[in-house]
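Structural characterization, general
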Amino acid sequence: QVHLVESGGGLVQAGGSLRLSCVGSFTLGSIFGFKAMGWYRQAPGKQRELVAMITSGQMTNYADSVKGRFTISRDNAKNTVYLQMNSLKPEDAAVYYCHAVGEGAVYPYEYDYWGQGTQVTVSS
């Protein structure tokens, strides 16, 4: 069993900050670990989009719309990924989903996992 549990969403005024956290857990034998962890978001009427990802080797990737404002970080020992969101804009409002790529011994050897989502609301 693999689980991702998010926290940290909420309501903030434009220009404010929020920090999201996602803790990953897995049972022995399910996967070896998380190759990559990150965040996607989905606003009403829009497709889910990548916000930021970080690998176990600390390589990062950001959507252009959040570069310079959001910072992703990861604690490998705790299987936890963080998203520090600064200078929030109304267009950042969405449900934010934690995503992780697990590695295992069974084909296809990499598996996608999703959290339940956490709401971020930005008031103008």
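One can find the structure itself at the top, above this paragraph.
Residues numbered from 1 in each chain as written. Predicted model: local features only at pLDDT ≥ 70, side-chain atom pairs only at ≥ 80, totals over all residues. Heavy atoms only, no water.

Overview of the packing of aromatic side chains
For any pair of aromatic rings, the description rests on two quantities: the centre-to-centre distance and the angle between the ring planes. This structure, assessed with the given rule, holds 3 aromatic pairs. Seen in terms of ring centroids, F26 and F34 are 5.5 Å apart; in terms of plane orientation they differ by 80 degrees. Their pairing is edge-to-face. Judged by relative accessible area, which is 4%, F34 ranks as buried. Both rings, one in Y40 and one in W114, keep their centres 5.0 Å apart while their planes meet at 65 degrees; by these two values the pair is edge-to-face. Of this pair, Y40 sits in strand β4 (residues 33-42) while W114 sits in strand β10 (residues 110-114), placing them 74 residues apart in sequence. Looking at Y40, the relative accessible area reads 21%, which means it is partly exposed. Looking at W114, the relative accessible area reads 37%, which means it is partly exposed. (Phe/Tyr/Trp six-rings, centres within 6.5 Å; stacked < 30°, edge-to-face > 60°. Buried < 20%, exposed > 50% of the residue type's maximum accessible area, 1.4 Å probe, protein only. Helix = DSSP H or I, 4+ residues; strand = E, 2+ residues; numbered from the N terminus.)

Focus on the sheet that holds strand β3 (residues 18-26)
Within a beta sheet, neighbouring strands are joined by backbone hydrogen bonds and run either parallel or antiparallel to one another. If you trace the 4 strands from one edge of the open sheet to the other, you get β1-β3-β8-β7, paired in antiparallel fashion. Among the strands making up the open sheet, the edge pair consists of β1 (2-7) and β7 (70-75). Strand-to-strand, the axes of this sheet are offset by a mean angle of 15 degrees, without reference to chain direction. In this structure, β3 lies alongside strand β8 (residues 80-85), joined through 6 bridges in antiparallel fashion. Across the sheet, the residue bridging to L20 is L83, located in β8. (Pairing = 2+ DSSP bridges. Axes fitted to C-alpha atoms, helices over the stretch in contact; angles between N-to-C directions.)

Notes on the pattern of salt bridges
Scanning all chains against the criterion turns up 5 salt bridges. A salt bridge links K67 to D64, with the nearest nitrogen and oxygen atoms 3.1 Å apart. According to the relative accessible area criterion, D64 is exposed, its value standing at 65%. Residues D92 and R69 are paired through a salt bridge, measuring 2.7 Å at the closest nitrogen-oxygen approach. Note that D92 is positioned in the loop between β8 and β9 (94-103) and R69 in the loop between β6 (60-62) and β7, a separation of 23 residues in sequence. Using a relative accessible area of 11% as the deciding quantity, one classes R69 as buried. Residues participating in the shared-partner salt-bridge network are R41, E49, R69 and D92. (Salt bridge = Lys/Arg side-chain N within 4 Å of Asp/Glu carboxyl O.)

Some remarks on the nonpolar core
Counting residues in hydrophobic clusters, the biggest one holds 31 residues, and the most contacted among them are W39, L83, M85 and Y96. Not counting the four nearest positions on each side in its chain, Y96 is found in contact with E6, L20, W39, Y40, R41, V51, F70, L83, M85, G117, T118 and V120. (Core = buried A, V, L, I, M, F, W, Y, C linked by side-chain atoms within 4.5 Å. Contact = heavy atoms within 4.5 Å.)

With respect to the side chain of R69
Within polar-contact distance, the side chain of R69 engages the backbone oxygen of S65 at 2.9 Å. In contact with R69, not counting residues within four places along its chain, are Q84, M85, N86, S87, L88, K89 and D92. (Polar contact = N/O pair within 3.5 Å; in protein donor to acceptor, adjacent residues only side chain to side chain.)

Any functional reading would require information beyond the geometric quantities listed.
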